[in-house]
Structure formats: C-alpha cells, structure tokens
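Descriptive analysis of the structure
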Amino acid sequence: MMNTYNRIPLSMDKGRAVLEYGGDMCRVTLQLQGIPTDRLCKPYLLWEDTYLLLPKPLNTDRGGRCNFRCEVKTDRPDKIRALAIISEDLQPVSIGYIQG
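Read on for a plain summary of the structure. Just so it is clear, the structure is predicted and the values come from calculations on it, not from any experiment.

In this section: the pattern of salt bridges. With the rule as written, the count across this model stands at eight salt bridges. Taking the shortest distance from any N to any O, the salt bridge between Arg 27 and Glu 20 comes out at 3.4 Å. When sorted by exposure, Arg 27 lands in the same class as Glu 20, which is buried. A salt bridge links Arg 65 to Asp 61; the shortest N-O distance between them is 3.7 Å. Sharing partners across several salt bridges, the network here consists of Arg 7, Glu 20, Arg 27 and Glu 71.

Let us look at the pairing of strand β6 (residues 66-73). Of the two faces of β6, only one is covered, namely that formed by Cys 66, Phe 68, Cys 70 and Val 72; the face formed by Asn 67, Arg 69, Glu 71 and Lys 73 stays uncovered. Direction of pairing for strand β3 (residues 25-32) relative to β6: antiparallel, over a ladder of eight bridges. Looking across to β6, one finds that Leu 32 is bridged to Cys 66.

Neighbouring strands of a sheet are bound in pairs by backbone hydrogen bonds; such pairs are parallel or else antiparallel. Overall, antiparallel pairing links the four strands, which are arranged β5-β4-β7-β8 in an open sheet. Strands at the two margins of the open sheet, each flanked by one partner only, are β5 (51-53) and β8 (92-97). In this sheet, neighbouring strand axes are inclined to one another by 20° on average, regardless of whether the strands run parallel or antiparallel. Both strand β4 (residues 41-46) and β5 contribute to a ladder of three bridges, which runs antiparallel. Bridge pairing in β5 places Leu 46 opposite Tyr 51.

All right, on to the environment of Cys 70 then. Looking at the secondary structure, you find Cys 70 in strand β6. A relative accessible area of 6% means that Cys 70 is categorised as buried. Expressed as a C-alpha distance, the spacing of Cys 70 and Trp 47, which sit 23 residues apart in the sequence, is 18 Å. Not counting residues up to four positions away in its chain, the partners in contact with Cys 70 are Cys 26, Arg 27, Val 28, Leu 54, Pro 55 and Lys 56.

Conventions adopted
- Residues numbered from 1 in each chain as written.
- Predicted model: local features only at pLDDT ≥ 70, side-chain atom pairs only at ≥ 80, totals over all residues.
- Heavy atoms only, no water.
- Salt bridge = Lys/Arg side-chain N within 4 Å of Asp/Glu carboxyl O.
- Buried < 20%, exposed > 50% of the residue type's maximum accessible area, 1.4 Å probe, protein only.
- Helix = DSSP H or I, 4+ residues; strand = E, 2+ residues; numbered from the N terminus.
- Pairing = 2+ DSSP bridges.
- Axes fitted to C-alpha atoms, helices over the stretch in contact; angles between N-to-C directions.
- Contact = heavy atoms within 4.5 Å.

Here it is in structure tokens:
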C-alpha cells in the first residue's frame, strides 16, 4: 500500500489514465474506448531511455472499451515520460504524455 504518493492524471486520445506512485510502487488505472478489437494491445510505461511492459493485458470488450488497473514495482517512477498502448504489430494505439 502506498502511504504518500503522487497522482498524475493523463489525457489520452482514446480516453484517460491515472498514474500513481510512491517509493518504488506504481499504479496505473486506464479507461479507454476505440481500442482495436482485432489486435492484441498492450500497455507500456515509457521512460526517456527504457520501457516496461505492464504485467496485465488489456481486456477490451466488443465495442473497443476497456478498463484496466495494475500495480508494478519500478525504478524511477518519477521519471516516467508516457503511458502507451501498443498493438502486437508495434503500432501506437493511444499514448498519454506526462508534462507534454
């Protein structure tokens, strides 16, 4: 459980996300729509020089909507630059940037 944490809302072109972190724990909550239903899409956290595939897949309904929540241990959560949804053919589906 995170005692003191930072909460960063992100606007994404296909919905919204909230990034919360404290210490080395990071929680990601997503509400998206318009996600392709014919391809597997995965959520990633992006830093300037590295990335992390989140450990849970997106469960998208037939209408392309998805709610997602997961918690991961990570180094430097304060340096996360973006949250990206990437399809299996490596096409960006939706991305939310932290501070532009």
